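An overview of the molecular structure
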2 protein chains.
Amino acid sequence: MINCEFCNLSEADKKWLLFENSFWMVFLADRQDYIGRCIIVCREHCTDISKLGNEQWLSLKIIISSLEKMLENELQATMFNVSCLMNDAYKNKNPNPHLHFHLRPRYANPITIGNTVFTDKEFAHHYNNKADVQISDTEMQIIFDRLKSCINRYFI
Amino acid sequence: MINCEFCNLSEADKKWLLFENSFWMVFLADRQDYIGRCIIVCREHCTDISKLGNEQWLSLKIIISSLEKMLENELQATMFNVSCLMNDAYKNKNPNPHLHFHLRPRYANPITIGNTVFTDKEFAHHYNNKADVQISDTEMQIIFDRLKSCINRYFI
């Protein structure tokens, strides 16, 4: 759809694409305010959950399950916050939301990525929506490469 | 399950129950920080999305769609933030989460409930997780009665 950011992703925008199937794309989020934070984007221009077909919805459950298993095993995530917000689209006079989900891994214990020890200061509480990015570009690349290299073990 | 709050709801706890089927219960949330905020609770003790069966997951989509349509029509909600967080369970040394979803209606325009005009000050931005309760007990009862009286038009 014209004027939809998610419908017009360039190859550069897909830099952090971890996985895609017929229904969904999974990206490592640009903003790593929580380590391993991902965004699950509908392939089709779909405005909200109610417009999804059953195949898309069932695929989403498999995607969430696979992603959580991968982030538990590879990054030692403890649990996950999943949300479907889409507030940004409503900053526009003519909102044109494109369905996507945020998945934030949460960590009971500190984890080390490259040279940085990351502590989830708000663990067991609501995520901090204004949290700073926690890691460098180099460390983000380390995470992406680690996840991408084992993606086929978790996603079918 | 013993020691699970959601598995041991009393009749008093079900005061704000709007709808239930074999898989889910829908409550008007105790904390009306966003007007019409609801909680969708799994009937069975299920710890996370990956453990849900397909029937439960498909029913959840119908529940979300029905609830959103009702809140759009009856309370003039503009859009919705849906989240699955379950942070509180991890305050416990032996976490025993019980799957539930939060659904927050968001409002582009002010709405009036009883004598109170409610404005969604953060519309088009992330919800305020520390927002105060916006309405009185009387106004909450008005909302509950209004939704409960028309529930069969939206839920099957």
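Residue indices follow the written sequence of each chain, beginning from 1 at its first position. Chains carry letters and ligands carry numbers; both start at the beginning, A for chains and 1 for ligands, and go up in the order they are written. Totals for whole chains, interfaces and linings use all residues, but because this is a predicted model, local features are given only for residues with pLDDT of at least 70 and pairs of side-chain atoms are given and counted only at 80 or more. For side-chain calculations, the full set of non-hydrogen atoms in the structure is used, while hydrogens and water are omitted.

**Looking at the interface of chain B and chain A**
Residue contacts are defined here by distance: any two heavy atoms, one from each residue, within 4.5 Å place the two residues in contact. Residue-level contacts link 33 residues of chain B with 33 residues of chain A. Buried area is a sum: the accessible area each of two parts loses on coming together, probed at 1.4 Å, counted once for each and added. A combined buried area of about 2800 Å² lies between chain B and chain A, and 63% of that area is made up of carbon and sulfur atoms. Here, a salt bridge means any side-chain nitrogen of Lys or Arg that lies within 4 Å of a carboxyl oxygen of Asp or Glu. One can count 0 salt bridges joining chain B with chain A. Polar contacts, as counted here, are pairs of nitrogen or oxygen atoms within 3.5 Å of one another; within protein the pair requires one atom able to donate a hydrogen and one able to accept it, and residues that are adjacent in sequence qualify only if both atoms are side-chain atoms. Taken together, the connections running from chain B to chain A amount to 15 residue pairs in polar contact (both at pLDDT 80 or more). Numbered from the N terminus, helices here are DSSP runs of H or I no shorter than four residues, and strands are runs of E no shorter than two. Of all the secondary-structure elements, those providing two or more residues to the side of chain B that touches chain A are α1 (54-75) and β4 (79-84) of chain B. A per-element tally of the side of chain B that touches chain A places α1(B) first, with 8 residues. Polar here means any residue other than Ala, Val, Leu, Ile, Met, Phe, Trp, Tyr, Cys and Pro, which are nonpolar, and Asp, Glu, Lys and Arg, which are charged; Gly is therefore polar. Partitioned by chemical class, the residues of the side of chain B that touches chain A number 16 nonpolar, 11 polar and 6 charged. Relative to β4(B), strand β4 (residues 79-84) of chain A is paired through 3 bridges, and the arrangement is antiparallel. When DSSP finds at least two bridges between two strands, those strands are taken to pair.

**Quick notes on a negative patch on the surface**
Residues and elements named next belong to chain A. On the surface, Glu5, Glu11, Asp13 and Asp30 cluster together into a negatively charged patch. Mapped onto the elements of the fold, aspartate 30 is located in the loop between β2 (24-28) and β3 (38-42). We call a residue buried when its accessible area falls under 20% of the maximum for its residue type, exposed when it is over 50%, and partly exposed in between, using a 1.4 Å probe and counting protein chains only. Using a relative accessible area of 62% as the deciding quantity, one classes aspartate 30 as exposed. Two distance rules govern patches: like charges are joined within 9 Å, and nonpolar side chains (Val, Leu, Ile, Met, Phe, Trp, Tyr) within 5 Å, applied only to residues with over 30% relative accessible area and no salt bridge. Here the open area of atoms and residues is found with the Shrake-Rupley method and a 1.4 Å probe, where only the protein chains shown may cover a residue. Under the counting rule used here, the positive set is Lys and Arg, the negative set is Asp and Glu, and His together with the chain ends is not counted. To locate a charge, take atom NZ for lysine, CZ for arginine, CG for aspartate or CD for glutamate.

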